Amino acid sequence: MKKRITYLLAIVTLVISACYKDEGNYEYNMPEVPKVTTLDTVYSVFVGDSLIINPGISSQKGTEDLTYDWKIAIPEKLSHESYTGNPLRMIFGLGPKRYYARLTITDTTNGMKYFHDFAIDGKTAFSTGMVVLTDEAGTARLSFIKPNGDVQARLYEAMHGEPLPGKPLQLVPVAQAYNPANINSYWIFTSGADNPGVQLDANTMQRKQRVKDNFFVPPATVQIGSMQSSFFGVITGIVNGKLYAGTTSTWDQNPLYGMFGLSTPGDYELSDKFIFNFNPGTFAGYYIGFHKIKKQFLRFNLYGAPNFFGTDYNVLGDAFDPKNTNMDLLHMEQINGNDVYAFMKAPVGTVYECKFGINFNGPFQITPISKKPFVQQDLITPSVKITASQTGIFYLAAGNKVYRYNPLNEELRALTTDFGSKDITMLKLTENDNTLIAGVEGKLYFLDVSTGKFGDVIRQVSGLPGSPVDIAIRK
């Protein structure tokens, strides 16, 4: 037993002695990391053009023992494209969208790999510019304005050999699901046609489908009220007085994604004007519509599909009764997350400006704030063009004049621009509400409406066929 203890003590002593003598004087020879000097984070290339990426590699020991592998991910095909060598040289034949890529540099002397990520933006001639829907003597026309101001007029007819169906109503850009910055397609909606709308690929302007193709079971007739796009990359809005929303219950690359099923069930007949709020954080949304027969504001909740709640909401305030307005809705504008302005016409003909707040976060509540006759009655008609900034400033186009209206002090002031004798047919705010685009026959005016400005002309674009109805801008 004593011998065993002595033996163990000897081992422990040797271990302690070895540790004590270790002064930690080690030398590490880390392999040199090749330096990449000129690799950008994003490369832009037009489809069909050459793409050359030369990252510029340097190393003290030279680059003879380095190899280069490039992979470009194609998620819709669950695959990737691979290339070797430096620089990367290819004819870009992928689609017009953003692709994520990786350069892997391998040191063949030691097997070390170094990874560098970047992106490639595939573009077409339509990736940047403005798409304009116009009315030429009752016929819908689509034109494209290039960044330099050149106009490609009547683009749809030139590409498809036929005119757009019916009289133009609306142009709705639709983004990729969950990615609002990436426009995938445009919906063009019209009236007076059996199939009143088409969807175009935003990058090629090729037709994807007609509006009836977007229904699982299309109605006998389709009358479009108005439409909006949603965070899910589908369209939603009023068809035949009912609320529809594209299906989102499958993968967004599935051909059935975004199609219309049945309308939202309920006893209602909606006006063309509606408000749609969606919260990406909770994936919940709300619609505010107006029953044009019963003259009441209606509530719809969106949880996957819209659900009709009608007048099942609380009312706090007595400026007017949202459940029984006894007026016709002419226009409705949401200013920010809560405030809504409705311009309404009473049976005696008086036009009222009704302001109310909405609590979208529950319990759902409408708060009527004010009801007053509009300051200039003859301006508010069904044909007036109205848009509003997020700060609560309205712009109204009536005849050949555009007015700036502040509802807080009821100041109504004509903008300085002289449009001649041509009527304004379109208004659109852009550039963080600092630029107002006004459309007249054959032309667009870009007006400065930033703080202290009253419509000074920034630039003009001419050569459009007919009068502008709607516009979408892609940067």
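The structure displayed is predicted, hence computed values, not measured ones. (Residues numbered from 1 in each chain as written. Predicted model: local features only at pLDDT ≥ 70, side-chain atom pairs only at ≥ 80, totals over all residues. Heavy atoms only, no water.)

1. A short note on the overall build of the chain
So, point 1. Across its full length, the chain carries 2 helices and 37 strands.
So, point 2. Relative to the globule expectation of 23 Å for 475 residues, the C-alpha radius of gyration of the chain, 31 Å, shows a markedly less compact shape.
So, point 3. Along the first, second and third principal axes, the C-alpha atoms of the chain reach 115 × 65 × 50 Å.
So, point 4. As displayed, the chain has an accessible area near 23900 Å², and 51% of this comes from carbon and sulfur atoms.
So, point 5. Computed over 44 positive and 44 negative side-chain charges, the inter-centroid distance for the chain is 4 Å. (Helix = DSSP H or I, 4+ residues; strand = E, 2+ residues; numbered from the N terminus. Rg over C-alpha atoms; globule rule 2.2 N^0.38 Å. Areas by Shrake-Rupley, 256 points an atom, 1.4 Å probe, with all protein chains shown as cover. Lys, Arg positive; Asp, Glu negative; His and termini not counted. Charge placed at Lys NZ, Arg CZ, Asp CG, Glu CD.)

2. Concerning the sheet that holds strand β18 (residues 235-239)
Strand pairing in a sheet relies on backbone hydrogen bonds. The paired strands run either parallel or antiparallel.
So, point 1. Read across the open sheet, the 3 strands follow the order β17-β18-β19; overall the sheet is antiparallel. Edge positions in the sheet fall to β17 (224-229) and β19 (242-245), since each of these pairs with one other strand and no more. Within the sheet, the average angular offset between the axes of one strand and its neighbour, ignoring direction, is 15°.
So, point 2. Of the strand pairs in this sheet, β17 and β18 are connected by 4 bridges, and their pairing is antiparallel. (Pairing = 2+ DSSP bridges. Axes fitted to C-alpha atoms, helices over the stretch in contact; angles between N-to-C directions.)

3. A word on the pattern of salt bridges
So, point 1. Under the definition given, this model contains 17 salt bridges.
So, point 2. For R404, the salt bridge goes to E411, with nearest N and O atoms at 3.7 Å.
So, point 3. Judged by its relative accessible area of 33%, E411 is partly exposed.
So, point 4. With a shortest N-O distance of 3.4 Å, K428 and D470 are connected by a salt bridge. Placement of K428 in strand β33 (residues 426-430) and of D470 in strand β37 (residues 467-474) is noted, with a sequence separation of 42 residues between them.
So, point 5. With relative accessibility at 30%, the residue K428 sits in the partly exposed group.
So, point 6. Owing to a relative accessible area of 10%, D470 belongs among the buried residues under this scheme. (Salt bridge = Lys/Arg side-chain N within 4 Å of Asp/Glu carboxyl O. Buried < 20%, exposed > 50% of the residue type's maximum accessible area, 1.4 Å probe, protein only.)

4. What to know about the sheet that holds strand β27 (residues 351-359)
So, point 1. Pairing within the open sheet is mixed, and its 5 strands lie in the order β24-β28-β27-β26-β25. Looking along the sheet, the strands with just one partner apiece sit at the ends: β24 (314-315) and β25 (328-334).
So, point 2. Sheet analysis places β24 next to strand β28 (residues 365-373), joined by 2 bridges and oriented parallel. Within β28, the position partnered with N314 by the bridge is Q365.

5. A word on the pairing of strand β8 (residues 98-107)
So, point 1. Burial of β8 is extensive: 7 of the 10 residues sit out of reach of the surface.
So, point 2. In the sheet, strand β5 (residues 66-74) pairs with β8 via 7 bridges, with the strands oriented antiparallel. Bridging from a neighbouring strand, W70 pairs with L103 of β8.
So, point 3. Of the strand pairs in this sheet, β8 and strand β9 (residues 112-123) are connected by 10 bridges, and their pairing is antiparallel. Residue pairing in the sheet places T104 in a bridge with F115 of β9.
So, point 4. Connecting β8 to the antiparallel partner β9 that follows it, the hairpin turn spans 4 residues, and G111 within it adopts a positive phi of roughly 80°.

6. Details of the pairing of strand β22 (residues 296-303)
Remark: a regular strand shows side chains that alternate across the two faces of the sheet.
So, point 1. Here β22 lies mainly inside the structure; 7 of its 8 residues are buried.
So, point 2. Pairing between strand β21 (residues 284-291) and β22: 7 bridges, direction antiparallel. Within the sheet, the bridge partner assigned to Y286 lies in β22 and is N301.
So, point 3. Once β21 ends, the chain turns through 4 residues before running back antiparallel as β22, passing K295 with a positive phi of about 60°.
So, point 4. In this structure, β22 lies alongside strand β23 (residues 305-310), joined through 5 bridges in antiparallel fashion. Pairing of R299 across the sheet is with G310, part of β23.

7. Thoughts on the environment of R474
So, point 1. Tracing the sequence through the fold places R474 in strand β37.
So, point 2. By relative accessible area, which is 11% here, R474 ends up buried.
So, point 3. Setting aside its immediate chain neighbours within four residues, R474 contacts F126, S127, T128, G129, N182, I183, Y186, A202 and N203.
So, point 4. Polar side-chain contacts of R474 include one of 3.2 Å to the backbone oxygen of A202. (Contact = heavy atoms within 4.5 Å. Polar contact = N/O pair within 3.5 Å; in protein donor to acceptor, adjacent residues only side chain to side chain.)

8. Focus on the packing of aromatic side chains
So, point 1. Tallied over the entire structure, the rule returns 30 aromatic pairs.
So, point 2. Between Y268 and F300 the ring centres are 5.2 Å apart and the planes differ by 80°, which places this aromatic pair in the edge-to-face class. One end of the pair, Y268, is in the loop between β19 and β20 (275-279); the other, F300, is in strand β22, with 32 residues separating them in the sequence. The same class applies to Y268 and to F300, which are both buried. (Phe/Tyr/Trp six-rings, centres within 6.5 Å; stacked < 30°, edge-to-face > 60°.)

9. Describing the confidence of the model for the chain
So, point 1. Taken over all residues, the pLDDT of the chain has a mean of 91, while the share at 70 or more is 94%.
So, point 2. In the predicted structure, residues 1-18 sits below a pLDDT of 50 and forms 0 contacts with residues beyond four places in sequence or in another chain. (pLDDT = per-residue confidence, 0-100.)

10. Focus: unusual backbone geometry
So, point 1. In this structure, the amide linkage connecting N86 to the following residue, P87, adopts the cis form with an omega of 5°.
So, point 2. Locating P87 in the fold gives a position in the loop between β6 (79-84) and β7 (88-91).
So, point 3. Unusually for a residue other than glycine, N326 sits at a positive phi of about 55°.
So, point 4. Mapped onto the elements, N326 comes out in the loop between β24 and β25.
So, point 5. Its identity as a non-glycine residue notwithstanding, D433 has a phi of 70°, on the positive side.

11. Some thoughts on the side chain of T430
So, point 1. Structurally, T430 is set in strand β33.
So, point 2. Other than its neighbours up to four places away in sequence, T430 contacts T435, I437 and I473.

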